[in-house]
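Descriptive analysis of the structure
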Amino acid sequence: MRITAALLEKSSQPFKLTDLELSAPGPDEVRVRVAAVGICGTDLEFAHFFPTPAVLGHEGSGVVEAVGGRVTGLEPGDHVAMSFTSCGTCRTCRHGAPAYCTSFDALNFSGRRPDGTTALSLGGQDVNGHFLGQSSFASHVIAPARALTRIDPALDLDPVGPFGCGFQTGAGGVLNVLKPPVGSSIAVFGAGAVGTAAIIAASLSGCASVVAVDLDDRRLAAARAAGATETINSGSTDAAAALRDIAPGGLDFAIDTTGHEKVLRTAVEALGPLGRAGVIGIGPSESMSFEWRSVLNGRSITGIIAGGSVPQTFLPQLLALHAAGRFPVDPLITYFPFDGIGEAIGAVRSGDVTKAVLTFG
Ligand SMILES: NC(=O)c1ccc[n+]([C@@H]2O[C@H](COP(=O)([O-])OP(=O)(O)OC[C@H]3O[C@@H](n4cnc5c(N)ncnc54)[C@H](O)[C@@H]3O)[C@@H](O)[C@H]2O)c1
Ligand SMILES: [Zn+2]
Ligand SMILES: [Zn+2]
């Protein structure tokens, strides 16, 4: 069928709205009409090196239109959130940790299905897609059923997309991985979409101190509204000293969403004995290093993908909290029509918008 997608013709070029051909779903796949799709930093980073021509986008929500012959548990008309995909059969998938699937990169970042085919084409030429189980900068997607989570049809589909990546990542990093006990302290470095979701989750967990650290006062104000108990502008304040004042014995937990080595080092060194740091941010730093002493006293550093989530169980929980007003991410979202993708990306890059969501209205 003919669909409209935001095509990345060549690396680092602007996305161009283009009509493409989408093939029918395979036996384990589902066709979804996209209602809305969030823009995540990962889309913008991959636009520099993903094999082109390609369709990106990985925070989609929508309505099932058609299902393959082997698909169970989903049918036309179901409302779905889209997330990453996984193989379902490797050791980590079998242990209930699909975010650490041993085939994660091949399935989510190669641009192709495992058999080398792609559902997208233009004038008979293959177009890469299948990005994080979806390629949802498009009116329709073909997704493996494993990438989809059926959600309550009463929910507004527009804010759902970012739950499949950014919000799940921040919230899951706290609720699924670090699991801070009531009364503990946590600092979240970077108060964007991911960091603010982590702050909300820390607040829901009953953390006594929830410290937001960022360079942008607008982000810090939003973090405070979302539940941060303290904020630090690390551009104008010595964050390490400010954290020592807040937690003289050191923090119990820290999360980095900035991807800067220096920031991660500050996060680790702000921990008390046995403190745990979660690494979520990707780039710009390629590596991280620590003094021996800074990790000898029982501190640990854990890399976290997709909040360590099983989307089919975690997303309905988060969406139920959101519907009850207890996961207040709406102030972070600005909506744009799908054909305003260029303007939306500009607003994200400038920092004016925390989470842009494109709607097909
Ligand atoms: N591990 C995963 O599974 C996963 C999933 C989604 C996103 N991510 C990554 O998480 C990161 C955050 O995503 P996001 O959507 O929240 O991005 P974002 O750009 O909205 O947020 C990043 C925040 O960090 C702040 N920041 C930047 N440099 C800083 C510094 N030196 N000190 C303090 N604050 C600083 C920015 O002002 C911004 O508010 C990105 O790197 C993204 O690629 C990882
Ligand atoms: Zn993402
Ligand atoms: Zn697997």
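Remember, predicted model here, so these are calculated numbers, not experimental data. (Residues numbered from 1 in each chain as written. Chains lettered and ligands numbered in written order. Predicted model: local features only at pLDDT ≥ 70, side-chain atom pairs only at ≥ 80, totals over all residues. Heavy atoms only, no water.)

Topic: the coordination of the zinc ion (ligand 2)
Ideal donor angles around a metal are set by the shape: a four-donor tetrahedron calls for 109.5 degrees, a six-donor octahedron for 90 or 180 degrees. Let me state the cut-off plainly: With water omitted from the atoms examined, metal sites may look incomplete; donors here are N, O and S atoms no farther than 2.8 Å from the metal, or 3.2 Å in the case of Na, K and Ca. Every helix listed is a DSSP run of H or I at least four residues long, and every strand listed is a run of E at least two residues long, numbered separately from the N terminus. Here the term buried applies to any residue with accessible area under 20% of the maximum for its type, exposed to any over 50%, and partly exposed to those in between, with areas from a 1.4 Å probe on protein chains only.
Protein coordination at the zinc ion (ligand 2): the donors are C40 (SG), H58 (NE2) and C165 (SG), at 2.1 to 2.3 Å from the metal. Each donor residue of the zinc ion (ligand 2) belongs to the same chain, and together they define the spacing C-x17-H-x106-C. Of this pair, H58 sits in the loop between β4 (54-55) and β5 (60-67) while C165 sits in the loop between β10 (148-150) and α4 (166-178), and the two are 107 residues apart along the sequence. Residue class for H58 comes out buried when judged on its relative accessible area of 3%.

Points about the layout of surface pockets
What counts, and what does not: Only protein atoms enter the 1 Å grid, on which a cavity is a set of points fitting a 1.4 Å probe that cannot get out and a pocket is an open set with protein on both sides within 12 Å along at least 5 of 7 lines, lining residues being those with an atom within 4 Å of a point. Grid points are joined across faces, edges and corners, and a volume is the space filled by probe spheres set on the points. Just so you know the grouping, Ala, Val, Leu, Ile, Met, Phe, Trp, Tyr, Cys and Pro go in nonpolar, Asp, Glu, Lys and Arg go in charged, and all remaining residues, Gly too, go in polar.
Roughly 410 Å³ of internal volume is contained in the second largest pocket. Taken together, 18 residues line the second largest pocket, and the ones lying closest to its centre are D28, E29, L107, P114 and P144. Taken together, the residues of the lining of the second largest pocket break down into six nonpolar, five polar and seven charged.

Some remarks on the pattern of salt bridges
Quick reminder of the rule: What makes a salt bridge here is a side-chain nitrogen of Lys or Arg within 4 Å of a carboxyl oxygen of Asp or Glu, nothing more.
Per the counting criterion, the structure on display carries eleven salt bridges. Its salt-bridge partner being E21, residue R2 comes within 3.3 Å of it at the nearest N-O pair. Residue R2 is located in strand β1 (residues 2-8), and its partner E21 is located in strand β2 (residues 16-22); the two are separated by 19 residues in the primary sequence. On the basis of relative accessible area, E21 is assigned to the partly exposed category, the value being 34%. The partner of E9 in a salt bridge is K16, with the nearest N and O atoms 3.5 Å apart. Under the relative-accessibility criterion, K16 is labelled partly exposed at 45%. Residues participating in the shared-partner salt-bridge network are D216, R218 and D352.

Comments concerning the UniProt feature "domain: Enoyl reductase (ER)" (unreviewed entry) in the protein chain
Defined as follows: UniProt positions are given in the numbering used here, feature names are shortened, and annotations may be inferred rather than shown by experiment.
Here the UniProt feature "domain: Enoyl reductase (ER)" (unreviewed entry) sits at residues 10-358. A helix fraction of 28% and a strand fraction of 25% characterise residues 10-358, whose end C-alpha atoms lie 22 Å from each other.

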